[in-house]
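Coordinate inspection notes
Here are the chains, one letter per residue:
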Amino acid sequence: VSLSIQQGEMVGLLGPNGSGKTTLLMSLSGIRKPLKGSVTLNDTNLLQIPPKQRAAQIASVPQYTGETPDIETLSLVLMGRYPYISALGGYSTEDKEVALACMKETATDGFAYRSARDLSGGEFQRVLIARALAQQAKTVLLDEATSGLDIARTIEIFDLLKQRHHTGTTVVAAIHDINLAALYCTRLMFLKHGRVVLDGTVKDVFTDVNLTTIYDTPIHT
């Protein structure tokens, strides 16, 4: 793939299963090293940026795998404050305030002191989103981050992401719900067989013909 994402965009990453969305997001976050070429952040090779500095600039919400750690939920969200921990270690009062504020935004503050293992899949997914928001990074990458949420919670999370987008945060989200992507994103990027096959505004690319071709099934918008 070859692409460029500008600061402040809200990009929906779409395409059939196995098209490469997760691999692309892992490459953009620095988790996976590209086999060829490079990923740059503000003209600097991403892999040359120290992990702590990179975490201050890019936050990621992975796909939910069904595995949850036996750790207090607030402690899990506080991991998002890793870029800001001093050399002496330990979380500051500000770190805890930020973490709790992000939990309130994602409606997870009610179980801040419960074990993450006791949460439902949807609750745990919202905790991971709170952790990413606690990083206060200018770029947030999400991989099917609302897949385990009911429709009400899904709308709440996308409303929250839209608010962050309006304040300048770059959002890149792999989304299976094409209608949701069209409603919230400013740009849609479609992958198929590991390549970007469509990239543009919702108005330009969200058409019956394009969607039918991408998903190999009749789709009417």
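You'll find the structure just up there.
Report on the accompanying structure. What you are looking at is a predicted structure, and each value in this text was computed from that prediction instead of being measured.

**Looking at the overall build of the chain**
A count of helical and extended segments in the chain gives nine helices and eight strands. Computed over the C-alpha atoms, the radius of gyration of the chain is 18 Å, within 12% of the 17 Å expected from 2.2 N^0.38 for a compact globule of 221 residues. Principal-axis analysis of the C-alpha atoms places the extent of the chain at approximately 55 × 40 × 30 Å. Buried residues in the chain amount to 47% of all 221 residues. Of the contacts made within the chain by residues no fewer than 6 positions apart, 67% connect residues no fewer than 24 positions apart. Carbon and sulfur atoms make up 51% of the accessible area of the chain, which totals about 11500 Å². The centroid of the 21 positive side-chain charges in the chain is displaced by 6 Å from the centroid of its 22 negative side-chain charges.

**A few points about the packing of helix H5 (residues 121–134) against helix H6 (residues 151–166)**
Contact pair H5 / H6: the axes reach a minimum separation of 12 Å and the direction vectors enclose 10 degrees. When the interaxial angle is binned, H5 and H6 end up roughly parallel. For the pair H5 and H6, contact is made by Arg126, Ile129 and Leu133 and by Arg153, Ile157, Leu160 and Arg164, respectively.

**Structural notes on the environment of Asp95**
Inspection of the secondary structure assignment puts Asp95 in helix H4 (residues 93–105). Along the chain, Asp95 and Gln135 lie 40 residues apart, while their C-alpha atoms are 9.6 Å from each other. Sequence-distant contacts of Asp95, defined by excluding residues within four places in its chain, comprise Leu78, Arg81, Tyr84 and Gly90. Separated by 2.9 Å, the side chain of Asp95 and the backbone nitrogen of Ser92 make a polar contact.

**Some thoughts on the sheet that holds strand S6 (residues 170–174)**
Read from one edge of the open sheet, six strands run S4-S5-S6-S1-S7-S8, paired in mixed fashion. Since the sheet does not close on itself, it has two edges, and those belong to strand S4 (58–61) and strand S8 (195–200), each with one partner. Taken over all neighbouring pairs, the strand axes of this sheet differ in orientation by 15 degrees on average, direction set aside. Bridge count for S4 against strand S5 (residues 139–143) is four bridges, and the pairing is parallel. For Ala59, the partnering residue across the bridge sits in S5 and is Val140. Where helix H1 (residues 21–29) meets the sheet, its contacts fall on strand S1 (10–14), S4, S5, S6 and strand S7 (187–192), and the angle it forms with S5 comes to roughly 155 degrees.

**Considering the packing of aromatic side chains**
The description of two aromatic rings rests on the distance between their centres and on the angle between their planes. Evaluation of the coordinates by the stated rule reveals two aromatic pairs. Aromatic pair Phe158 and Tyr184: ring centres 5.3 Å apart, planes at 45 degrees, arrangement tilted. Of this pair, Phe158 sits in helix H6 while Tyr184 is found in helix H7 (residues 178–184), placing the two residues 26 residues apart along the sequence. As far as the burial class goes, Phe158 and Tyr184 line up, both buried.

**Topic: the nonpolar core**
In terms of nonpolar packing, the biggest core is built from 51 residues, with Leu142, Leu188 and Phe190 touching the most fellow members. Among the elements that line this core, the one with the most residues is H5, at eight residues. Ignoring sequence-local partners within four residues, the contact set of Phe190 consists of Leu14, Arg195, Val196, Val197, Leu198, Val205, Leu211, Ile214 and Tyr215. The next biggest cluster of nonpolar side chains, apart from the first, holds 15 residues, and it includes Leu24, Ile58, Val172 and Met189.

**Re H4**
End to end, H4 covers 18 Å across 13 residues, agreeing with the expected 18 Å (1.5 Å per residue, within 8%). Along H4, the residues classified as buried are Asp95, Val98, Ala99, Cys102 and Met103. An end-on view of H4 places all buried positions within 135 degrees of arc, on one side of the element. Opposite the packed face of H4, turned more than 90 degrees from it, sit the exposed residues Thr93, Glu97 and Lys104. Elements that come into contact with the buried residues of H4 comprise helix H3 (73–78), H5 and H6. Note on H4: the residue one or two positions beyond its end, Ala107, has a positive phi of about 60 degrees.

Cut-offs used in this document
- The numbering scheme is per chain: residues are counted from 1 as the chain's sequence reads.
- With pLDDT at 70 or above as the cut-off, local features in this predicted model cover only qualifying residues; side-chain atom pairs require 80 or more to be listed or tallied, and sums for whole chains, interfaces and linings still use all residues.
- The basis for the side-chain values is all heavy atoms of the structure; hydrogens and waters are excluded.
- For the purposes of this entry, the term helix denotes a DSSP run of H or I that reaches at least four residues, the term strand denotes a run of E that reaches at least two, and both are numbered from the N terminus.
- Put simply, the radius of gyration uses C-alpha atoms, and a globule should come to 2.2 Å times the residue count raised to 0.38.
- For each residue, the accessible area found with a 1.4 Å probe, counting protein chains only, is set against the maximum for its type, and the residue is called buried under 20%, exposed over 50%, and partly exposed in between.
- Note on contacts: a residue pair qualifies if any of its non-hydrogen atoms lie within 4.5 Å across the two residues.
- Working definition of accessibility: Shrake-Rupley area with a 1.4 Å probe, residue cover restricted to the visible protein chains.
- His residues and chain termini do not enter the charge count, which takes Lys and Arg as positive and Asp and Glu as negative.
- Charged side chains are reduced to one point each, which is NZ for Lys, CZ for Arg, CG for Asp and CD for Glu.
- Fitted lines through C-alpha atoms give the axes, limited to the stretch in contact for helices. The angle between two N-to-C directions lies from 0 to 180 degrees.
- Note on terminology: angles under 35 degrees are roughly parallel, angles over 145 are roughly antiparallel, angles of 65 to 115 are roughly perpendicular, and the others are oblique.
- Two N or O atoms form a polar contact when they lie within 3.5 Å of each other; inside protein one atom must be a possible hydrogen donor and the other a possible acceptor, and for residues adjacent in sequence the pair counts only when both atoms belong to side chains.
- When DSSP locates at least two bridges between a pair of strands, those strands are taken to pair.
- Planes of paired rings set the category: under 30 degrees apart is stacked, over 60 is edge-to-face and the rest tilted, where pairs are Phe, Tyr or Trp rings (Trp by its six-membered ring) whose centres lie within 6.5 Å.
- In this text, buried Ala, Val, Leu, Ile, Met, Phe, Trp, Tyr and Cys residues form a nonpolar core when linked through side-chain atoms within 4.5 Å.
- What a helix should span is 1.5 Å times the count of its residues minus one.
- In this description, one arc is meant: the one made by directions from the helix axis to the C-beta atoms.

None of this, on its own, says anything about what the molecule does.
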